[in-house]
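Analysis of the macromolecular model
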Amino acid sequence: MTEHQTGHLYGVGLGPGDPELITVRAAALIGKADVVAYHSARHGRSIARSIAERYLTGSQIEEKLVYPITVETTDHPGGYRGALDDFYEEASARLAAHLDAGRDVVVLAEGDPLFYGSYQHMHKRLAHRYPTEVVPGVTSVSAAAARLGKPLVEAEEVLTIIPGTLPEEELTARLASTDSAVIMKLGRTFPAVRRALERSGRLAEAQYVERATMAGERTAPLAEVDPESVPYFSVAVLPSRVAAGGVAEVSESEIGEVVVVGTGPAGPLWLTPEARGALANATDLVGYTTYIDRVPVRAGQLRHGSDNKVEAERAEFALDLARRGRRVAVVSSGDPGVFAMATAVLEAACADPYRSVPVRILPGMTAAHAAASRAGAPLGHDYAVVSLSDRLKPWEVVAQRLRAAASADLVLALYNPGSQSRTTQVGLARDLLLEHRAFDTPVVMARDVGGPTERVRTVRLGELDPAQVDMRTILLIGSSQTQAVQRDDGTEVVWTPRRYPPV
């Protein structure tokens, strides 16, 4: 007695719409199938079937999988998702009956079966039960790029595929932070997508492609498209910037802008999408050379590095560039408003001849917050931030502020604790704080947080060694309530309670 043979399941990609873009493998499987299944809306017409029609034999069983709903309004007790889940279960059961009977089933899928395709819902329910093959197809992404005649990505660029159904804020963040992008599922989402492109500074680059390779194909700059005319089968494309010659040119007859960008304490993991987008859109980068070196090189973008002690000159240079129509990103580590470049730029921008130059400040992760996250939650209650540098203010002022914060029992975040030319400040600050704090007060010493030489450890205030502190170190000095606790896994966490005992 021979074992019963089940049929094979095939998920077959049909490409973007032109029947001549169906692969040889896909055409052969369609022609040999016992059962051909395809999705459609309630009107019964199926784009997938129309693409594959020339390869059908006329003698095959056709399974029309009709969606119960096409918009997110339903009286189903499980809502829109519940209605679709029931539909996919029922459709899978219909296909399983054919497979159990030994019939080979081809499920037609526009584009690629596993790229936003309806076939994948059949695949998840059936592939573990029956012999299955997925035949890839040309995606609408590739078709759109081909019809535009514009490369999607070149060199080290990153391509992001984004569904237009995401919330507008999320769309904006994704568009701001990527090099190239394709936005799928337009139709009713088009107005929000257009606003997101405009808010992220990418609208001028965006191209529109409708029904690529199909009858009624249309391409145009997206900014020129009437929202009322946009069907579901359309995409927005942000092509390769490298292939286009890099950052878009500017007109010297128009005033530009200066954006002061906080890059966080270290590499790209600490960069916000908004900051990433501003760096990518800038024609010029201005900043301390060490910080500029953290930003990827982009074609056509000019980089103006300088020493870290020429902040005023750097600010004026950036504003001068903007007056000539350039889009300038002033690169600042951490948050630009915390002991960084925002003050220098605004100070210059509030004086002639720069009063009319637009200036924006984009926040970044501060060194204090990054260090605190590594240690636990030492900044969990009130805290003060003080720079120990006496290069721009007298040490007497620094000492006065330390005493005030210490007497108020605030946790302290100490920036700029030492350098090759400043070697006494840490010891002086320690001795001053010991007048108000216990010897065993926890001190978080965090060096190069987020960088390749990161080191974070906790010592007692009375044992703080100035020789182990340099300019890349930040100190978090606990209050009288701050705890340093050894946990069962051997790690030590530092935290400051949110409740303070009654005075």
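Okay, so let's go over this structure. Remember, it's a predicted structure, so these values are computed and weren't measured experimentally. In this convention, every chain numbers its residues from 1, walking through the sequence in written order. Under the rules for a predicted model, residues below a pLDDT of 70 receive no local features and side-chain atom pairs below 80 are neither given nor counted, while totals for whole chains, interfaces and linings still include all residues. Hydrogens are left out, water is left out, and the side-chain values use all remaining heavy atoms of the structure.

1. Side note on the overall build of the protein
Quick reminder of the rule: Put simply, DSSP marks the helices as runs of H or I at least four residues long and the strands as runs of E at least two long, and each gets a number from the N terminus on. Residue exposure (1.4 Å probe, protein chains only): buried if accessible area is under 20% of the type maximum, exposed if over 50%, otherwise partly exposed. In this description, accessible areas are obtained by the Shrake-Rupley approach with a 1.4 Å probe, and a residue is regarded as covered only by the protein chains that are shown. Note on charges: Lys and Arg go in the positive column, Asp and Glu in the negative column, and His and the chain ends are not counted at all. Just so you know, the charge point we use is NZ for Lys, CZ for Arg, CG for Asp and CD for Glu.
Each helix and strand in the protein was counted, giving 14 helices and 23 strands. Dimensions of the protein along its principal axes, counting C-alpha atoms only, are 95 × 65 × 40 Å. Taking all 503 residues of the protein together, the buried fraction comes to 47%. Carbon and sulfur atoms make up 51% of the accessible area of the protein, which totals about 24,700 Å². Across the protein, 53 positive and 62 negative side-chain charges occur, with their mean positions spaced 1 Å apart.

2. Description of the packing of helix 10 (residues 311–323) against helix 11 (residues 341–349)
We count it as follows: Axis definition: a line fitted to C-alpha atoms, over the contacting stretch in the case of helices. Angles run 0 to 180 degrees between N-to-C directions. Here the word oblique covers every angle except those under 35 degrees (roughly parallel), over 145 (roughly antiparallel) and from 65 to 115 (roughly perpendicular). It is the rotation of the near helix from the far one that decides the hand of a crossing: anticlockwise by less than a right angle makes it left-handed, clockwise makes it right-handed. Whether two residues are in contact is decided by their heavy atoms: any pair within 4.5 Å suffices. Gly falls in the polar group here, along with every residue not listed as nonpolar (Ala, Val, Leu, Ile, Met, Phe, Trp, Tyr, Cys, Pro) or charged (Asp, Glu, Lys, Arg).
One can describe the packing of helix 10 onto helix 11 by two numbers: an axis separation of 9 Å at closest approach and a directional angle of 60 degrees. Classified by the interaxial angle, the pair formed by helix 10 and helix 11 is oblique. Crossing geometry of helix 10 relative to helix 11 is assigned as right-handed. Here Glu311, Arg314, Ala315, Glu316 and Leu319 of helix 10 come into contact with helix 11, specifically with Met341, Ala344, Val345, Ala348 and Ala349. Broken down by class, the residue content of the contact of helix 10 with helix 11 amounts to seven nonpolar, no polar and three charged.

3. Focus on the pairing of strand 19 (residues 442–447)
Rules: Paired strands, as defined in this entry, are two strands with at least two bridges between them according to DSSP.
Among the six residues of strand 19, five are classified as buried, and the element is accordingly described as predominantly covered. With six bridges connecting them, strand 19 and strand 20 (residues 455–460) associate as antiparallel partners. From the neighbouring strand, Val444 faces strand 20, where its bridge partner is Thr458. Here strand 19 pairs with strand 21 (residues 473–477) via five bridges, running antiparallel. Across the sheet, Val444 pairs through a bridge with Leu476, a residue of strand 21.

4. Section: unusual backbone geometry
Backbone torsion omega between Asp352 and Pro353 reads 5 degrees, so that peptide bond is classified as cis. Among the structural elements, Pro353 can be located in the loop between helix 11 and strand 15 (359–362). The backbone of Ala155 shows a phi angle near 55 degrees, a positive value even though the residue is not glycine. Structurally, Ala155 can be placed in the loop between helix 5 (140–148) and strand 6 (159–163). For Ala155, a relative accessible area of 63% puts it in the exposed group. Positive phi values are uncommon outside glycine, yet Asn416 reaches one of about 45 degrees. With respect to the element layout, Asn416 can be found in the loop between strand 18 (411–415) and helix 14 (425–433).

5. Thoughts on the sheet that holds strand 23 (residues 492–495)
Read from one edge of the open sheet, three strands run 16-23-22, paired in mixed fashion. Only two strands of the sheet have a single partner each, and these edge strands are strand 16 (376–377) and strand 22 (483–486). In terms of strand pairing, strand 22 meets strand 23 through four bridges, oriented antiparallel. If you follow Gln486 over to strand 23, its bridge partner there is Glu492.

6. Overview of the nonpolar core
So the rule is basically this: Grouping buried Ala, Val, Leu, Ile, Met, Phe, Trp, Tyr and Cys residues that are joined through side-chain atoms within 4.5 Å yields what is termed a nonpolar core.
Judged by nonpolar contacts, the single largest core of 23 residues is most densely connected at Leu402, Leu412 and Leu475. For this core, the secondary structure elements donating two or more residues are strand 17 (383–387), helix 13 (395–407), strand 18, helix 14, strand 19 and strand 21. Per-element accounting of this core gives the leading share, six residues, to helix 13. The residues contacting Leu402, other than those within four sequence positions of it, are Val386, Leu388, Trp395, Leu412, Leu414, Ala429, Leu432 and Leu433. Core analysis: the next-biggest nonpolar cluster, separate from the first, contains 21 residues, Leu9, Leu65, Leu126 and Tyr130 among them.

7. A short note on helix 14
Burial of helix 14 is extensive: seven of the nine residues sit out of reach of the surface. Residues Gln425, Val426, Gly427, Ala429, Arg430, Leu432 and Leu433 constitute the buried set of helix 14. Elements in contact with the buried residues of helix 14: helix 13, strand 18 and strand 21.

8. Here's the deal with the environment of Val134
Among the secondary structure elements, Val134 is positioned in strand 5 (residues 132–135). The spacing of Val134 and Pro113 is 21 residues in sequence and 7.2 Å in space, taken between C-alpha atoms. Among all residues touching Val134, those that are not within four sequence positions of it are Gly11, Pro113, Leu114, Tyr119 and His123.

9. So, the pattern of salt bridges
Applicable threshold: Here a salt bridge means any side-chain nitrogen of Lys or Arg lying within 4 Å of a carboxyl oxygen belonging to Asp or Glu.
On inspection of all chains with the given rule, the structure shows 27 salt bridges. A salt bridge links Glu133 to Arg25; the shortest N-O distance between them is 2.7 Å. In this pair, Glu133 sits in strand 5 while Arg25 sits in helix 1 (residues 24–32), placing the two residues 108 residues apart along the sequence. According to the relative accessible area criterion, Glu133 is partly exposed, its value standing at 26%. The residue Arg125 makes a salt bridge to Asp85 at a minimum N-O spacing of 3.9 Å. Taken as a pair, Arg125 in helix 4 (residues 119–126) and Asp85 in helix 3 (residues 79–100) lie far apart in primary sequence, 40 residues in all. When salt bridges that share partners are traced, they join Glu168, Glu169, Arg195 and Arg199 into one network.

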